[in-house]
Protein chains: 4
Amino acid sequence: MAHFLLIQCPDEPGLVYKITGVLFRHGLNILRNGEFVERENSRFFMRTEFAGDFDPAQLLAELTELLPPGASIRFSDNHPKDIVLMATKEHHCLSELLVRHAYGELNARVLAVISNHEELGDLARRFDIPFHFVSHQGLTREAHEAAVLATLAPYRPEFVVLAKYMRILSSEFVAHYPNRLINIHHSFLPAFVGANPYAQAYERGVKIIGATAHFVNEQLDQGPIILQSVIPIDHTQSARDMAQAGRDVEKIVLARSLKLVFDGHVFVNRNKTVIFD
Amino acid sequence: MAHFLLIQCPDEPGLVYKITGVLFRHGLNILRNGEFVERENSRFFMRTEFAGDFDPAQLLAELTELLPPGASIRFSDNHPKDIVLMATKEHHCLSELLVRHAYGELNARVLAVISNHEELGDLARRFDIPFHFVSHQGLTREAHEAAVLATLAPYRPEFVVLAKYMRILSSEFVAHYPNRLINIHHSFLPAFVGANPYAQAYERGVKIIGATAHFVNEQLDQGPIILQSVIPIDHTQSARDMAQAGRDVEKIVLARSLKLVFDGHVFVNRNKTVIFD
Amino acid sequence: MAHFLLIQCPDEPGLVYKITGVLFRHGLNILRNGEFVERENSRFFMRTEFAGDFDPAQLLAELTELLPPGASIRFSDNHPKDIVLMATKEHHCLSELLVRHAYGELNARVLAVISNHEELGDLARRFDIPFHFVSHQGLTREAHEAAVLATLAPYRPEFVVLAKYMRILSSEFVAHYPNRLINIHHSFLPAFVGANPYAQAYERGVKIIGATAHFVNEQLDQGPIILQSVIPIDHTQSARDMAQAGRDVEKIVLARSLKLVFDGHVFVNRNKTVIFD
Amino acid sequence: MAHFLLIQCPDEPGLVYKITGVLFRHGLNILRNGEFVERENSRFFMRTEFAGDFDPAQLLAELTELLPPGASIRFSDNHPKDIVLMATKEHHCLSELLVRHAYGELNARVLAVISNHEELGDLARRFDIPFHFVSHQGLTREAHEAAVLATLAPYRPEFVVLAKYMRILSSEFVAHYPNRLINIHHSFLPAFVGANPYAQAYERGVKIIGATAHFVNEQLDQGPIILQSVIPIDHTQSARDMAQAGRDVEKIVLARSLKLVFDGHVFVNRNKTVIFD
């Protein structure tokens, strides 16, 4: 099994040398190493893929001693991540993820699907995944979010994936899953933030539309972008046609962004991501 | 030589039949025909490419009689259009167009280059094109635009192309060249309107950047979009790197959009375009 | 409901006029019209989308009379096409089509799935589609194809879709479904014809891989291409990684090509296609 | 000025640690580090971008001592490379490179242009670059190549760029510039090797065309690929239209591939490349 070491800290001379020295002394062999210094903030990022047996606690202790205070040090492996999917009525992202999951391609265990509507229950059941209908009807936002959080809690998900969940989440909700809440936005952000991006795109007469997978933070549609993709369109396409065409992009972008995150390729750097191949 | 007939009018039954009947009776052979009805506004667009000899005035009279009042009927051929290029300091769009012009690939005659700086004079001279330096130093916007208009006027250009002309033009200026003023915007509109789109893109941490060629109208960066294109970027690229990468997209998008316009493929439909292959 | 008229014949003057005249006299309104003349062979193609009630037999008779001998005249509407899917072991194209079908997005009725292996039976059953396992073990090609044909026959499919069916079909088999047999090839044809295109791509060190949806004819991988798409790759990807990445392209290209065919956008012109928007 | 260290050798444990240790002891700060092990052949590749003053001979000696025998160790900086361009009649790649060169964007000094035709002399002269017309008329291949080599020799170019040079070069010629001869092929290799790829693409009815920049080796169109790019086409485009559309791709792909090579991003690994961001 491949292991990953993900380090983020203030830059200083000798970091690669020191870190790889620890790995070397433990007899671990580096298979791939990516390192990047963001010069603006003099911030160091390194992702190391390595092979061999090791004691994570021991390695962590040695690395912590060597690295500047406040360094973020994460070990990861490609164990399947525990996730919960949230959706509303549109099936395309949910079905994409459930199919990949059924064939072991998602590097995740889908523990449950939560929706504020009933429509997608059939789909979840086809794939033998527990489905929770948590209606928002007649509830305040706070009450509904409390109900969703209560449904999520027992699953203890590592990540929560918004697979076309069409309600805006409060900062309070988001704070429960910092950098662990991933959303697909149906436009090429920052174009067309907010509701009905395809209607907006149609009105503006753009020639390309897109989709954006991003971590959710407390600001709507402003979280760190993981992946974006686009497709060309033309004047013959209505807003509805665009939405249809856009779905193919949305689901692929979401699925690929999850792979990047679950396989330990992605760092969050304030409102941006650093992503190593 | 291929001829083009471009018709735009309110939709009603029988339009294709009536229009092609006129062409048939004049012995003209249709090589390609594109027709589109925008259902929202029940508006009819047709582009016909045909071969044969004809009297434009006669054809126009017959078509006018047949078509609903207010129909726009244009004949076009692929004669080289008379154009003037405007630029500021960056060379990449201007050099792209001058090279294509030098090799007869632009379907246009570049009559002159106008700039508010002197830097690009050398480039214009390399290609034997008159260069006019019209400084904005010490002038009000009105006075500077008047000087530019006075420089443009004797050339009587069919189109004015803003090949990275970095000053905002007033509605009064734009009104002199309705649907004849083409700009390249260095972002994937409507993302990053206004100044410094690459700096904005860097700040936002996007994963794709783009460029947009559009007709200029009275609202900044809101004119009908002709063509857009994008390239992927990643966290390793600074705003300066993005600008550099973006130039390749900008110049190709601008050159291709001019080809579409000059070869009679493009209709303006309020704030959008209808473009036939 | 929208109707489509698809005409292919030798070119001659007045065809658009004559054809649209018939529609006009029947009170039918043209919503979109695409016309193209392949000059090399002087061949005329026209696709007309129109609205209104009509008697197909009457219209066909009038058009046949007007058009040159040998004209192909097809009426179509967007009724769901009856199709059978064939697959082997890989699920990604089959699951893509079954999901779209379940949500009414395929413009088709999937009547059955036929496979030479048992693995995909579960998937078909999840979506309540009859699954036929027709093993090729111990059979000659002729005998196996006869068994497949016998399984297909009672469904009377309008199209047979090879959704990663990994056996080569004989000319005799293909002749049963002329221009009605659609395949997805896992490379950017004509690069990497034949087996193991991803292994070939890895060996060659290409920087882009792709997929090709095409009609099957009697020559392996030589049928008329409907749609192609690509994704960038790099040196870090093994042949296996490429295959994984390629699947996302394959399934989307296949699904989109079916939409083009089922919605009547595609003409076959010898070994090529003519496709109207 | 940024420096680059490029190392290629058989893999063994501790390489990153040992190499970065040398840099650390010399007080050099790593700005970016990319490392990759090709597992198939257990081959190690590392590109390190670093800042600081150093004695290359001393560093080279220390690294040679540490690394396995046969290691390739190259220091590079982003000094402009000395290059000669070769072309035939088509201008688009040559003009692209000359314009970039004139504005300091190529990271190279274009010492001369060599052509087997006279047509491009004007272009070279517009940019004040020496132009050598070396006709192949009446010469054997050997004699013509000898004349070209004699013209090249005094310039001592670091790289020779074939900017649409349309003659096949012998193995003997290629051997003079191993991994230093870069070509643009006007197709998406390995599709359409050999002559007239656009005519081949038209005949085959493909829906995408492309271009490939590659190092030239002794086998025609088989050298290590640096970069590829594509554009969509459709049935309305003739072979000539495709060639025209293809030019935009060719020139950008060639220019970008040169930037990758000149900035020290590219390793040649037998018949492939390893390219670090």
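Residues numbered from 1 in each chain as written. Chains lettered and ligands numbered in written order. Predicted model: local features only at pLDDT ≥ 70, side-chain atom pairs only at ≥ 80, totals over all residues. Heavy atoms only, no water.

Counted according to the given criterion, the structure contains 34 aromatic pairs over all chains. Taking 5.0 Å as the distance between ring centres and 5° as the angle between the ring planes, the aromatic pair formed by A:Tyr17 and D:Tyr17 counts as stacked. Taken together, the positions of A:Tyr17 in helix α1 (residues 15–25) and D:Tyr17 in helix α1 (residues 15–25) put the pair across two chains. A relative accessible area of 18% places D:Tyr17 in the buried class. (Phe/Tyr/Trp six-rings, centres within 6.5 Å; stacked < 30°, edge-to-face > 60°. Helix = DSSP H or I, 4+ residues; strand = E, 2+ residues; numbered from the N terminus. Buried < 20%, exposed > 50% of the residue type's maximum accessible area, 1.4 Å probe, protein only.)

Attention now moves to the UniProt feature "domain: ACT" (unreviewed entry) in chain A. The UniProt entry lists residues 4–78 of chain A under the feature "domain: ACT" (unreviewed entry), expressed in the numbering used here. Between the C-alpha atoms that bound residues 4–78 of chain A there is a distance of 8 Å. The span itself is 29% helix and 43% strand. (UniProt positions renumbered as here; feature names shortened; annotations may be inferred.)

Taken together, the contacts link 32 residues of chain D with 31 residues of chain C. Counting the surface lost from both chain D and chain C, the interface buries some 2800 Å², and carbon and sulfur atoms represent 58% of this. The largest share of the area that chain D buries against chain C comes from D:Arg204, D:Lys207 and D:His235, three residues that together contribute 26% of it. If you look at where chain D meets chain C, you find zero salt bridges. Where chain D packs against chain C, one counts 18 residue pairs in polar contact (both at pLDDT 80 or more). Looking at the side of chain D that touches chain C, the elements with two or more residues in it are β2 (29–38), α7 (197–204), β11 (225–232) and β13 (272–275) of chain D. Here the element with the most residues in the side of chain D that touches chain C is β11(D); it accounts for six residues. (Contact = heavy atoms within 4.5 Å. Buried area = accessible area lost by both parts, 1.4 Å probe. Salt bridge = Lys/Arg side-chain N within 4 Å of Asp/Glu carboxyl O. Polar contact = N/O pair within 3.5 Å; in protein donor to acceptor, adjacent residues only side chain to side chain.)

Here we come to the relation of the copies chain B and chain A. Here chain B sits on chain A after a turn of 180° about the axis and a move of 0.0 Å along it, with an RMSD of 0.0 Å. The operation mapping one copy onto its partner corresponds to a two-fold rotation axis. Considering only C-alpha atoms, the part of chain B nearest the rotation axis is B:Ala191, at 2.1 Å. An overlap of 100% is found between the interface residues of chain B and their copies at the interface of chain A, pointing to a shared contact surface. (Least-squares fit on C-alpha atoms with pLDDT ≥ 70 in both.)

Across the boundary between the two partners, chain B contributes 31 residues, which contact 31 residues of chain A. Both faces considered, chain B and chain A share a buried interface measuring about 2700 Å² in area, 58% of it formed by carbon and sulfur atoms. Looking at the side of chain B facing chain A, the largest losses of area belong to B:Arg204, B:Lys207 and B:His235, adding up to 26% of the total buried there. Where chain B touches chain A, the interface holds 18 residue pairs in polar contact (both at pLDDT 80 or more).

Now for the relation of the copies chain D and chain C. Here chain D sits on chain C after a turn of 180° about the axis and a move of 0.0 Å along it, with an RMSD of 0.0 Å. Most of the interface of chain D is mirrored in chain C, where 97% of its interface residues again form contacts.

Our focus in this paragraph is the packing of helix α8 (residues 239–262) of chain B against helix α8 (residues 239–262) of chain D. Running from N to C, α8(B) and α8(D) cross one another at 170°; their axes reach a closest spacing of 12 Å. Classified by the interaxial angle, the pair formed by α8(B) and α8(D) is roughly antiparallel. Of the residues in α8(D), those touching α8(B) at B:Gln244, B:Ala245, B:Asp248, B:Lys251, B:Ile252, B:Arg256 and B:Lys259 are D:Gln244, D:Ala245, D:Asp248, D:Lys251, D:Ile252, D:Arg256 and D:Lys259. Residue composition of the contact of α8(B) with α8(D), by class: four nonpolar, two polar and eight charged. (Axes fitted to C-alpha atoms, helices over the stretch in contact; angles between N-to-C directions. Parallel < 35°, antiparallel > 145°, perpendicular 65-115°, else oblique. Nonpolar A, V, L, I, M, F, W, Y, C, P; charged D, E, K, R; others polar.)

With that out of the way, let us pick up the environment of A:Asn116. Residue and element names in this part refer to chain A. Along the chain, asparagine 116 turns up in the loop between β6 (108–115) and α4 (121–126). A residue is classified by how much of its surface remains accessible, and asparagine 116, at 4% relative accessible area, is buried. Considered as a pair, asparagine 116 and lysine 89 are 27 residues apart in the sequence and their alpha carbons are 8.4 Å apart. Those residues within four positions of asparagine 116 in sequence are excluded, and the remaining contacts are Ala87, Thr88, Phe133, Val134, Ser135, His136, His144, Tyr165 and Arg167. Looking at asparagine 116, its side chain comes within polar contact range of the side chain of threonine 88, at 3.0 Å. A polar contact of 3.2 Å, which involves the side chain of asparagine 116, links it to the side chain of histidine 136.

In the structure shown here, the tally under the stated rule is 65 salt bridges over all chains. Note that D:Lys18 is salt-bridged to D:Glu12, the shortest N-O span being 3.4 Å. With a closest N to O distance of 3.7 Å, D:Lys251 and D:Glu96 form a salt bridge. Note that D:Lys251 is positioned in helix α8 and D:Glu96 in helix α3 (residues 92–102), a separation of 155 residues in sequence. Note on D:Glu96: relative accessible area 4%, which makes it buried. In the salt-bridge network here, residues are joined through shared partners; they are A:Glu96, A:Arg100, A:Asp248, A:Lys251, A:Arg256, C:Glu96, C:Arg100, C:Asp248, C:Lys251 and C:Arg256.

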